[in-house]
Every structure is written in C-alpha cells, then in structure tokens.
Amino acid sequence: MNKRYQFGLLVLLCTLLFPSSLVAETSGTLKESHYAISHLEPANWWVGMNYHQVELMVHGDNISATQPHINYSGVQILSVVKTDNPNYLFVQIDIAANAKPGRFPIEFQLNGETKSRFDYPLLAREKNSAQRKGFSTKDAIYLITPDRFANGDTHNDAVAGLTEQPDRTFKGGRHGGDIAGMTKHLDYIAKMGFTQIWPNPLTENNQPQYSYHGYAATNLYLIDARYGTNEDFKHFVRKAQQKSIGVIQDVVLNHIGSQHWWMNDLPAKDWLNFPAEFVATTHRRTTVQDPYADPQDKELFVSGWFVKSMPDLNQRNPQLANYLIQNSLWWIEYAGLSGIREDTYGYADEQFLSRWAKTIMDEYPHFNIVGEEWSNNPAVVAHWQRGKENKSGHVSYLPSMMDFPIHETLRQVLLEEETWDKGFVRLYEMLANDFIYPDPFNLVVFPENHDTSRIYSHLNENLDLFKMAMVYTATMRGIPQFYYGSEVLMTSPRERDDGAVRADMPGGWNGDTKNAFTGKGLSAKERDAQQFIKTLLNWRKKSAVIHHGKLRHYAPENGVYVYVRYLDDKAVMILLNKNKQEVTHHLLAYREFLEGKKKAVDVLSKRTIDITKPLQLAASSSLIIELQ
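Note that this is a predicted model, so its numbers are computed, not measured.

As a further point, take the packing of helix H10 (residues 404-413) against helix H11 (residues 424-431). Their axes nearest at 9 Å, the elements H10 and H11 cross at an angle of 170°. Between H10 and H11, the angle is such that the two are roughly antiparallel. The residues of H11 that touch H10, namely those facing Pro405, Ile406, Thr409, Leu410, Gln412 and Val413, are Phe424, Arg426, Leu427, Met430 and Leu431. Residue classes in the contact of H10 with H11 are distributed as 8 nonpolar, 2 polar and 1 charged.

Structure (structure tokens):
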C-alpha cells in the first residue's frame, strides 16, 4: 500500500468520513465476537438542518439484539426499526435546533451491558449553507468524465483493495484521471468561460471491470480512492468556488453496483427489486403516464434491472428511501455542492422521487437539481419537472430536466437538407412544445454528453456546423452544458462507443504529444474551435440578456433560422444559415426589435454591422449580434 493512500486513510478515519467499520474502531467500539459495528451511516450530521430527524443505518453482527442508548442534550432516539436481517438496526434520532456541536456516544446495550459504542460527530453548519445558490441560466456547465480528464496523482492509479487495475490501452478500462487532475486545471476551465463542473460519479465503484464510468457504486458515502479521498473532493469544490465555479454531483438513485457491500448482507429481503434473479427493465418510460398501459409493463420498467451488474434498488422500502435521501443531503452539506444531476430519473419509484426532491429543495430553497429522462418526447420529460400538473396525480419537485428533445432534434436537423418539413423547421417546431413545460428556461440544453457520439464526429467533422451547434446551445433558452474536449474537437465513432466517446483529454497525462490545456500540438482547426468557444462563453458569462431574457423565434425560411433574446430595451439576435452559399437576408420581419436602431455588434468578431440594410450571411455561418 503506497504512503499517500495510507495517509488518506488516516485522514478519513480521523474525520469519521471513511466507512463506518473503520470509523467505529477509532471512535471506541468495544470489540466482541458479536455486536461489533461494521458500518454506521451517515457517519455524522449537522445542527440546524431542516432535516433534523436522521435515521442511522447500523450494521454489525447480530446488532439487532442490542438496544441503542444516547445521553446527549438536544439529541434523542425516536424509534428503532429492525428488519428480517438481524445484522441491521435503523435508529432514528432527533437533533434539536439548540443542540451543541460535538461528539456523543451511541451505546448498544444488551441486558444493561454495553456491547458496542460509536462516538457520533454532530457538526456546525457553514454560514448560509441553506441559502446556497444552485446552478442557473447564468451558468455554462462543463461535463467531465474524471477518469479520462487528467491524471494529477499517479500514486492512486492502483489502490489496494480495489479490484480493477489501470490500463490506459483499454478504452473500457481505468486510465488514471482523478480529482487532483481536475483541480490542477481549474484555471483552464475558468478561463474557457465555464461556471459549473459536472463530474460523472466519483463515489467508489469497486467493480471488477468497466468501473471507470462511476454509475455502479459500491459505497455511497465514499469517494473512489483512485480519484482521491472525500477530503480531496471537498477541497476541489472549495478551490472551484474560489474561481467562481460551482460543482454539480452526479447521483444515482435507481441502482448500485453488484459489488456493493450490501450485496454480501442485504439489509432486508425487499431491499432490491427482483432480488432472486436478474430481470431487465423494459426501458418503456411512457408507461409511467400511459393511461392504457398494463400495470405489469409499468412495474417492469421501474423495477427491472438496468444491466446485470447494476442491482435495482427498491425505494418503496422506507429505510432505503430514508438512506438515499440522507445520502444526497449529506454530500450537499459536506462538500458544498451547487447542484445535483440525477441519473436514470424516471426508473425509480415515483412517490420516492417526489419525496427525495422535495426534501432537498425544502432544505436548500435556491438549489437546483436536473434529472435525466432520455426521451425525445417533451410530454415524457415535462412529466418530471416541478409545477407540472399530471393527470396521473404525480407531483414533482424537480426544478430542471435534461432537454433530450432539443438535443436529439438539433443533432438531426444540422445534417438534414432544408425542405418544407425538414431541417430547421423541425427544431423550430420542437421548441414550440415549450408550452408543455412548467419552466422551460430551467431545462439543460446540450449538443452531446458521455452517452452520445461526439458532436464534431456526428456532424462529419464539419467545423461550421459544429460552431452552429455551440452557438445554439449557448444562446438558446435554458442552461447550456458542454462535454470536456469538445473545445478541441475530440472525436469518436459516429455510432455509440462509450469508451471512445470518453477518451482521454489531450494533455491530461505526462508525455501526451497534444495538450489542450497549453495549446501544444493542437491543429489550426482545434485552436480555432477552442478560441471560438472561449470567446462565446466569456461573452455569455456577462450577458444578462441571455441569462434572463425572453425568447422570440421566427419560422425558418430558405435555410435561415433566426431568434431573438430580449430584456427591457436590450436585444441579441442569433442568425443561423445552413446554406452552403452566402445569402442575403432581409430584416423587415424583425422591425419590432430594430426600430430606432441602426447598428449592431457582432459578438464573436467585434465588428460593427449596419442593420438598416439586408445582411449578407456567409455560407454555413452563425451570427450573434447585439443590437445597439
């Protein structure tokens, strides 16, 4: 075991943020052949939380035979729940608002004799924690696959006790990217104009293979040691905040990894859906709303497993529901997060999802959460957004959703020939569906992510169309999200190939001949794209019209699509020309915004444009002009 990892273990043990089996040893658990605590989660809580009735999961040999006792002012036990597994107790405690931060012992007694003890840390909240601001339309999100971004600490590439070893030659293997690598390049991210970072999940994924993506957690309270420690993650968030960058955590409520420690000793027989054998989900997400759907079809969608290596969680179990809610709250409070992206949102139990999101938003009223519902049907996506009146009776508290309908339409229309019913008109009509959403301006728009082919490759490496996709994403209503490496035209096969899509960021590893962070070895096209996005996003960062403005769009004509963002007496006009030749575009249709104005400024080139006469739009061009 390397020295850095030993030190990391020691730090986590001392802060009681490592797995509770180790925590218990350092906090006074009495060693017995029975009743020794293996896990106690969450391993700490805070005074002053709105969520002050916390249910502790206690795992230990025959621990249910004991009775927990607490003698600490302001803290009391409300209930103790036993399951069909004698190795678990669920202890609900109440933490009064006037309780003092400190440590208090939880004693587990049998016939008046203490068999195990856990010294529980009760912490003070950071000032104004509940009033934290979540990500918003003012932001531009940078999505990172941490294992593939930058290797800042080679000492944690392989870690004792974690099965998958590093193999950079295998596109589906561990490559060594880590939290230290992301921290090292925060200046680069900030200078590019990004204001939020969304890393794919960082929690432990001790799976034997394909563990790099992070979506098969084996410990929900622990950062994977190949990325660093819990403290490293907290430090990364703090350093990002110092550069005016927030951090969004990727959360998975639907499933875990097959090697999760629960799988060796399930807390209850109904902890998983279909625990006896693998039953696959149907992926029929429409069944949630379909008034004619067979109940079994809906049940198979929600309860079926995503894949064999990802057991499906049964959130209808009340103790599991509490556990997952508390875990999300814990990470927000511990790390100082500015948002959550929730994976495979609609696959989990509806009532649980409603309670989960409501609890978080009650705790942090200005927070933001975006859910993933991978459907190109706006009605399916809108079902899950806060404020939607659903005939099914489902009440959602989720503020934001990933805008997959716009995402898929944008990718398609940029490759289509312009006809009466194809091309830009389909994007225009898809946007018209915004009446379905309670809050379309809080949707996250994106041209690509970790599950799609690279947008540059999808567009047949056409730089003009690539820029058009970037302009649309940055100026459309909503919150834009970009994928790492797009700025230097990273490529992939046009069909889905996860390992290739999530390739290594150039310059993230010592010895790379090409370096996106310094510009070394980049081609002229790559430098052009990088500067283009840098200019675009740094302008967007300062544009109140784009952040808060209304939207007006015009029916596309002759391969040109125009929309205007406007706020008070200010307006920004975006003109997208898909024609392969220069066109003359008349401006009479926009007289409402042009009246009394004679000049505009091209945002990207800074040139002044005379808007008293028709515009000459270059072939395959994107134009953003601020009306003066």
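The discussion continues.
Let us look at the nonpolar core. Membership of the largest hydrophobic core comes to 161 residues, with the highest contact counts inside it found for Trp45, Phe149, Phe233, Trp262 and Trp356. With 11 residues, helix H7 (residues 318-335) is the largest single contributor of residues to this core. When neighbours within four sequence positions are excluded, phenylalanine 149 is seen to be in contact with Tyr142, Ile144, Gly181, Met182, His185, Ile189, Tyr484, Met505, Gly508, Trp509 and Phe517. Counting 21 residues, the second largest nonpolar core, distinct from the first, contains Leu587, Ala600, Leu615 and Leu627.

Before going further, it helps to spend a moment on the packing of aromatic side chains. This model, assessed by the stated rule, comprises 41 aromatic pairs. Here the aromatic rings of tyrosine 188 and phenylalanine 517 are separated by 5.0 Å at their centres, their planes lie at 85°, and the arrangement is edge-to-face. A residue pair is termed long-range when its members are at least 10 positions apart, and tyrosine 188 in helix H4 (residues 186-192) and phenylalanine 517 in the loop between helix H14 (498-501) and helix H15 (524-541) qualify at 329 residues. Comparing tyrosine 188 with phenylalanine 517 shows no difference in burial state: the two are buried. When the ring of tyrosine 345 is compared with that of tryptophan 356, the centres are 6.5 Å apart and the planes differ by 50°; the resulting orientation is tilted. Placement of the pair is tyrosine 345 in the loop between strand E14 (339-343) and helix H8 (350-363) and tryptophan 356 in helix H8, with a sequence separation of 11 residues. The class of tryptophan 356 is buried, set by a relative accessible area of 0%. Lying across the ring of tyrosine 397, lysine 358 places its NZ or CZ 5.8 Å from the centre.

It is worth spelling out the sheet that holds strand E26 (residues 621-627) at this point. Taking strand neighbours across the sheet as the criterion, the 6 strands line up as E19-E20-E21-E26-E23-E24 in an open arrangement whose pairing is antiparallel. Edge positions in the sheet fall to strand E19 (550-557) and strand E24 (608-610), since each of these pairs with one other strand and no more. Sheet twist, expressed as the mean angle between neighbouring strand axes with direction ignored, is 25°. Bridge analysis of strand E21 (residues 570-577) against E26 gives 6 bridges, and the strand direction is antiparallel. Note that in E26 the partner of isoleucine 574 across the bridge is isoleucine 624. Of the strands in this sheet, E19, strand E20 (560-567) and E21 touch H11, which is tilted by about 150° from E19.

On to unusual backbone geometry, then. Backbone torsion omega between glutamate 41 and proline 42 reads -5°, so that peptide bond is classified as cis. The residue proline 42 is located in the loop between strand E1 (37-41) and strand E2 (45-47) in this model. In this structure, asparagine 62 takes a positive phi of about 60° despite not being glycine. If you trace the backbone, asparagine 62 turns up in the loop between strand E3 (53-60) and strand E4 (67-70).

What you see with E4 is a clean split: Pro68 and Ile70 sit on the buried side and Gln67 and His69 on the side with no burial. Here E4 runs beside strand E7 (residues 102-110); their pairing, made up of 4 bridges, is antiparallel. Counterpart to isoleucine 70 in the pairing with E7 is isoleucine 106.

A few words on the pattern of salt bridges. Inspection of the entire model under this criterion finds 32 salt bridges. Counted as one network, the salt bridges with shared partners bring together Arg125, Arg132, Glu333 and Glu363.

Attention shifts here to the layout of surface pockets. Quantified by volume, the largest pocket comes out at close to 660 Å³. Around the largest pocket sit 34 residues that line it, and Phe306, Met310, Asp451, Arg496 and Asp498 are the ones nearest its centre. Every residue lining the second largest pocket is counted, 21 residues in all, and those nearest its centre are Arg132, Lys133, Gln241, Gly246 and Ser338. Per-class residue counts for the lining of the second largest pocket are 2 nonpolar, 11 polar and 8 charged.

What follows deals with H15. Taking 1.5 Å per residue, 18 residues should reach 26 Å; H15 reaches 26 Å between its end C-alpha atoms and fits that length. Buried-residue contacts for H15 involve H4, helix H13 (463-475), strand E18 (479-483), helix H16 (544-548), E21 and E26.

In space, the 8 strands of this open sheet follow the order E16-E15-E14-E13-E10-E9-E18-E17, with parallel pairing throughout. The strands lining the two open edges of the sheet, one partner per strand, are strand E16 (400-401) and strand E17 (444-445). Of the strand pairs in this sheet, E17 and E18 are connected by 2 bridges, and their pairing is parallel. Pairing of valine 445 across the sheet is with proline 480, part of E18.

Quick notes on the rules
Residues numbered from 1 in each chain as written. Predicted model: local features only at pLDDT ≥ 70, side-chain atom pairs only at ≥ 80, totals over all residues. Heavy atoms only, no water. Axes fitted to C-alpha atoms, helices over the stretch in contact; angles between N-to-C directions. Helix = DSSP H or I, 4+ residues; strand = E, 2+ residues; numbered from the N terminus. Parallel < 35°, antiparallel > 145°, perpendicular 65-115°, else oblique. Contact = heavy atoms within 4.5 Å. Nonpolar A, V, L, I, M, F, W, Y, C, P; charged D, E, K, R; others polar. Core = buried A, V, L, I, M, F, W, Y, C linked by side-chain atoms within 4.5 Å. Buried < 20%, exposed > 50% of the residue type's maximum accessible area, 1.4 Å probe, protein only. Phe/Tyr/Trp six-rings, centres within 6.5 Å; stacked < 30°, edge-to-face > 60°. Lys NZ or Arg CZ within 6 Å of the ring centre and 35° of its normal. Pairing = 2+ DSSP bridges. Salt bridge = Lys/Arg side-chain N within 4 Å of Asp/Glu carboxyl O. 1 Å grid on protein atoms, 1.4 Å probe; cavity = no way out; pocket = protein on both sides within 12 Å on 5 of 7 lines; lining within 4 Å. Points joined across faces, edges and corners; volume = space filled by probe spheres on them. Expected span 1.5 Å × (residues − 1).

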